[in-house]
Amino acid sequence: MKTVITLTAALFAGTMAQAEGMIDTLCGPGHASEAAGPDDIQPNPGGYYVASLQTQLSHGDPRIVHAVGKTFHLCTRPAATPDMDPTRASLLMDKRIVSYLFVPTEVPTIQRLGL
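Caption draft 1: Broad picture of the side chain of D40. For D40, the location among the structural elements is in the loop between α1 (2-27) and β1 (41-44). A distance of 2.6 Å separates the side chain of D40 from the backbone nitrogen of S52, its partner in a polar contact. Among residues more than four places away in sequence, those in contact with D40 are A35, Y49, V50, A51, S52 and L74.

Structure below.
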């Protein structure tokens, strides 16, 4: 029994390290989640709503990455890009958009949320 528990713990630790590696690869080394708080990302029947960015990500969106763990991890980027004309870039200067949303495998289901 002890061997099974040890093996399970080792596999889980390896999976967590792999998930952290994917976040580092896609978002940059040592990236901290940009979610505004524990209730910032809300699952809904259509996908996930990021309240702080007022953005809905639909199921099947390639920016949604399913990952292990118990919390969401949000990566964003500036909405303004260097190739934009100056007027548009200045309008979008303070706006951020979703690069990736890492969704935990233990995300609450819609039924448990009462929707």
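Still to come is the rest of the account.
Caption draft 2: How the structure looks around the state of the cysteines. Counted by the stated rule, this structure contains 1 disulfide. Between C27 and C75 runs a disulfide, and the two sulfur atoms are separated by 1.7 Å. Judged by the sign of its S-S torsion, about 90 degrees, the bond between C27 and C75 is right-handed. Here C75 lies in strand β5 (residues 73-78) and C27 lies in helix α1, a separation of 48 residues in the sequence.

Caption draft 3: Looking closely at the sheet that holds strand β3 (residues 55-58). Taken together, 3 strands build an open sheet; the order of strands is β1-β2-β3 and the sheet is antiparallel. Pairing within the sheet leaves two strands with one partner each, and these edge strands are β1 and β3. Averaged over all adjacent pairs, the angle separating strand axes in this sheet is 25 degrees, with direction ignored. Where β1 meets strand β2 (residues 47-50), 4 bridges bridge the pair, whose relative direction is antiparallel.

So, how was this worked out
- Residues numbered from 1 in each chain as written.
- Predicted model: local features only at pLDDT ≥ 70, side-chain atom pairs only at ≥ 80, totals over all residues.
- Heavy atoms only, no water.
- Helix = DSSP H or I, 4+ residues; strand = E, 2+ residues; numbered from the N terminus.
- Polar contact = N/O pair within 3.5 Å; in protein donor to acceptor, adjacent residues only side chain to side chain.
- Contact = heavy atoms within 4.5 Å.
- Disulfide = S-S within 2.5 Å.
- Pairing = 2+ DSSP bridges.
- Axes fitted to C-alpha atoms, helices over the stretch in contact; angles between N-to-C directions.

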